[in-house]
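# Observations on the model geometry
Residue strings, one per chain:
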Amino acid sequence: MTPLVIEVRCNLTPESPLWQDINSLTLEIGYPGRGGQMLWKHIGWLRDHVVPAGKSIAHALWNQTSAGLVLIFDFLPVMLPNSSGVNKTYRIRKKIKAANGRSRISRSGVLQGEYMDEHFTLSPKYPEDRH
């Protein structure tokens, strides 16, 4: 079965003045597992980073020096009940660690399709979109 793939980019450039107040950004992507349980991932594949043993994996953690990294998350597709369609809903949790050491966690509601905010852009590629 072809996986659902979500590409994640940090929207802050290394030169962004917002890094003066932010130490790091962490992202988790939640996707419904079998039986409706939400599964969370915080480790993805580094796009365009292939090592001799395979792909490089990394925590979904960005800071000023790693702002340009693009991570790829993959999930087994979950079929919609009584349908041949793929469940296309997911959620995100992001943690912003401020330069003063304080952390703030924000959660999204159920998202469908591409997502963008001031910190991240998420671009899903569903199995049926890969023709």
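Everything that follows concerns the structure shown earlier in this document.
## Points about the overall build of the chain
- A count of helices and strands for the chain gives zero helices and twelve strands.
- Start at the N end of the chain and walk to the C end: the helices and strands fall as β-β-β-β-β-β-β-β-β-β-β-β.
- Taking 14 Å as the expected radius of gyration for a compact globule of 131 residues, we find that the chain reaches 16 Å, a close match to that expectation.
- Projected onto its principal axes, the C-alpha positions of the chain cover 50 × 40 × 20 Å.
- Counting across all 131 residues of the chain, residues that qualify as buried make up 40%.
- Partitioning the intrachain contacts of the chain with sequence separation of at least 6 by distance along the chain shows that 63% fall at a separation of at least 24.
- Accessible surface, the chain: about 7900 Å² in total, of which carbon and sulfur atoms supply 53%.
- Side chains of the chain give 16 positive and 11 negative charges; the mean places of these two sets differ by 7 Å.

## What to know about the packing of aromatic side chains
- According to the stated counting rule, one finds two aromatic pairs in the structure shown.
- Taken together, a centroid distance of 5.4 Å and an interplanar angle of 35° make the contact between Tyr-31 and Phe-75 tilted. One end of the pair, Tyr-31, is in strand β2 (residues 22-32); the other, Phe-75, is in strand β7 (residues 70-75), with 44 residues separating them in the sequence. The same class applies to Tyr-31 as to Phe-75, namely buried.
- Considering the side-chain rings of Trp-62 and Phe-120, the 5.0 Å spacing of their centres and the 65° angle between planes classify their relative orientation as edge-to-face. Placement of Trp-62 in strand β6 (residues 61-62) and of Phe-120 in strand β12 (residues 120-125) is noted, with a sequence separation of 58 residues between them. Taken as a pair, Trp-62 and Phe-120 share a single burial class, namely buried.
- One cation-aromatic arrangement involves Lys-41 over Phe-75; the distance from NZ or CZ to the ring centre is 4.9 Å.

## Details of the pattern of salt bridges
- What the rule picks out here adds up to six salt bridges.
- Of the charged contacts in the structure, one is a salt bridge between Glu-7 and Arg-9, with a shortest N-O distance of 3.2 Å.
- Notably, a salt bridge pairs Arg-47 with Glu-7, separated by 3.0 Å at the nearest N-O pair. A residue pair is termed long-range when its members are at least 10 positions apart, and Arg-47 in strand β4 (residues 43-51) and Glu-7 in strand β1 (residues 4-10) qualify at 40 residues.

About the cut-offs
Along each chain, numbering runs from 1 in the same order as the chain's sequence is written. A pLDDT threshold of at least 70 governs which residues receive local features in this predicted model, and a stricter bar of 80 or more applies before side-chain atom pairs are shown or counted, although totals over entire chains, interfaces and linings include all residues. Computation of side-chain values: all heavy atoms of the structure, hydrogens and water removed. Helix and strand labels come from DSSP, where a helix needs a run of H or I of at least four residues and a strand needs a run of E of at least two; each type is numbered from the N terminus. Based on C-alpha atoms, the radius of gyration is set beside the globule rule, defined as 2.2 Å times the residue count to the power 0.38. Remark: exposure states derive from per-residue accessible area (1.4 Å probe, protein chains only) relative to the maximum for the residue type, with buried under 20%, exposed over 50%, and partly exposed in between. Contacts are assigned to residue pairs that have any heavy atoms within 4.5 Å of one another. Accessible areas in this description were obtained via Shrake-Rupley with a 1.4 Å probe; residue shielding takes into account the shown protein chains only. Only four residue types enter the charge count, namely Lys and Arg as positive and Asp and Glu as negative; His and the chain termini do not. A single reference atom marks each charge: NZ on Lys, CZ on Arg, CG on Asp, CD on Glu. Side-chain rings of Phe, Tyr and Trp (the six-membered ring for Trp) are treated as a pair once their centres are within 6.5 Å; stacked means planes under 30 degrees apart, edge-to-face means over 60, and tilted covers the remaining angles. Any Lys NZ or Arg CZ that is within 6 Å of a ring centre and within 35 degrees of that ring's normal is treated as a charge sitting over the ring. Any carboxyl oxygen of Asp or Glu within 4 Å of a side-chain nitrogen of Lys or Arg constitutes a salt bridge here.

Geometry only, nothing functional implied.
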